[in-house]
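Analysis of the macromolecular model
The residues making up each chain are set out below.
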Amino acid sequence: MKLVAGVFCALFAVASQSFARLEAQSTPKYDILLKSAHVIDPKNRIDKVTDVAVANGHIASVGDNLSPSDAKKVVDLNGLYLTPGLIDIHVHVVQRPIGIGVPPDAFSFRSGVTTMVDAGTSGWREFPEFKRTVIDTSKTRVLAFLNIVAASMETGNDDNVAEMDADAAARMALQYPGLIVGIKSAHYGGHGWPSVENAVKAGNIAHIPVMVDFGYLRGERSIDVLFNEKLRPGDIYTHCFAGHRKEVLDSGELNPAMEQGRKKGIIFDLGFGGGSFYWFVADAAYKAHFYPDSISTDLHTGSMNGGMKDMANSLSELMALGSSLQDVVRMSTVAPANEIHHPELGNLDVGAEADIAVFKLANGQFGFLDSAGARRSGTNRLVTELTFRKGQVVWDLDGLATEDWKSFPYKKGPNDPYRK
Ligand SMILES: [Zn+2]
């Protein structure tokens, strides 16, 4: 019986090997081949025209002259820029209990964003509900900074010190490692430092960074003290070009505290928002060669129709200030990925989830607004052509990855949406 079983196994092994060979011959190894885009992948120091292949939702290969015969589908991206899917580390996508959040998928893909980090809309008490209703139901990868205020942001508790329970916040963060990527201190207007201090305490327990929206400036709370005495290297100062906290001095020069903070290892994040990005602040910073480490939108119902608009527009605004395309791609891919301790994101490593953005760099006369509505001229605007999430097309502005309607294989039937 043993012998018979052995023979059978050997026969089966031979048969399955030949089947595998046949399979290899008939099935292309790539699901999609993106040909001839100018690929910018700052983590891997790629900045040239080359090809990117995707298989099973992951990056399969990046290199010159990948063969179209190896792919089920080939998309010609000649003249366009291909980058890792963008990471926006400051958005508001919790719609309840407050009304400033927007649905992630409604704003992410059309702007090349594949990962969003909610910046402390939710405190620990609301987090399970946020996870159930938004994080788990979105195609966009949604991560979170947890507000140090248990009851969530703008629920009338931003100054309520009794709500700032560092241990409880850290416990929730440790329950969802990788999903809760940091603690947020936001909008504090009371005395002293309880908001920042409790956020840092929770960050220390859970080994995650703190993001600070410095709230309302008071005499005893300056950015000097914040950077030098309160925050740790790797903590994030968002709204870095807001100007509300003396980031720029009355003389028009950049506050030296900014450079000192950077030397200590504080991260400076844009957090454009509805009231946190002004040309006179950004211009002074750029004149002092002080650039943001990361670009984020602070997307919410109060910023999306103002100067900010979306992530691609925010990148274009910094290009109008003088940043190169390579700079703004770095600031929205590998840099934020490292800031939130997710080094596997924001790059085109072989084996990484195939989160990809493709842009047209339009040349012309464009206008870019700050949070006050003041205009600055620019000659480049990034237009999001294609976005892939896990290898699937989730945004296709000009139909680059699809077929002409005359050859499109419509499924025709009652109540059929006529898709393929
Ligand atoms: Zn915000």
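Residues numbered from 1 in each chain as written. Predicted model: local features only at pLDDT ≥ 70, side-chain atom pairs only at ≥ 80, totals over all residues. Heavy atoms only, no water.

As a further point, take the coordination of the zinc ion. The coordination sphere of the zinc ion contains the protein donors His-90 (NE2), His-92 (NE2) and Asp-298 (OD), at a distance range of 2.1 to 2.4 Å. Linear spacing of the donor residues for the zinc ion on their chain is H-x1-H-x205-D. Linking His-90 in strand 6 (residues 86–91) with Asp-298 in the loop between helix 8 (279–287) and helix 9 (311–321), this pair joins segments that are 208 residues apart in sequence. Across this residue pair, the class does not change: His-90 and Asp-298 are buried. (Donors = N, O, S within 2.8 Å, 3.2 Å for Na, K, Ca; no water. Helix = DSSP H or I, 4+ residues; strand = E, 2+ residues; numbered from the N terminus. Buried < 20%, exposed > 50% of the residue type's maximum accessible area, 1.4 Å probe, protein only.)

Our focus in this paragraph is the side chain of Ser-152. Structurally, Ser-152 is set in the loop between strand 8 (141–147) and helix 4 (166–175). In this structure the side chain of Ser-152 is engaged in a polar contact, spanning 3.0 Å, whose partner is the backbone nitrogen of Gly-123. Beyond its immediate chain neighbours, meaning those up to four positions away, Ser-152 contacts Thr-121, Ser-122, Gly-123, Glu-126 and Asp-158. (Polar contact = N/O pair within 3.5 Å; in protein donor to acceptor, adjacent residues only side chain to side chain. Contact = heavy atoms within 4.5 Å.)

Ordered by their spatial adjacency, seven strands build an open sheet running 6-7-8-9-10-11-12, and the pairing between neighbours is parallel. The open sheet has two free edges, formed respectively by strand 6 and strand 12 (267–268), since each of these has just one partner strand. Two elements, strand 9 (residues 180–186) and strand 10 (residues 210–213), share four bridges in a ladder whose sense is parallel. If you follow Ile-183 over to strand 10, its bridge partner there is Val-210. (Pairing = 2+ DSSP bridges.)

Regions with low pLDDT carry predicted coordinates that are not meant to be interpreted in detail. Per-residue confidence for the protein gives a mean pLDDT of 92; residues scoring 70 or more make up 92%. Per-element confidence in the protein is highest for strand 5 (residues 81–84), whose mean pLDDT is 99, and lowest for helix 1 (residues 2–26), whose mean pLDDT is 47. Within the model, the stretch residues 1–16 combines pLDDT values under 50 with zero contacts to residues more than four positions away or in other chains. (pLDDT = per-residue confidence, 0-100.)

Counted by the stated rule, this structure contains 20 salt bridges. In this structure, Arg-132 and Glu-129 form a salt bridge, with 3.2 Å as the shortest nitrogen-oxygen distance. On the criterion of helical spacing, the pair formed by Arg-132 and Glu-129 is a turn pair, its members being three residues apart in helix 3 (residues 127–133). Overall, the relative accessible area of 53% leaves Arg-132 in the exposed class. Two residues, Asp-136 and Lys-131, come together in a salt bridge whose shortest N-O distance is 3.1 Å. One salt-bridge network, in which partners are shared between bridges, spans Arg-141, Glu-353, Asp-355 and Arg-389. (Salt bridge = Lys/Arg side-chain N within 4 Å of Asp/Glu carboxyl O.)

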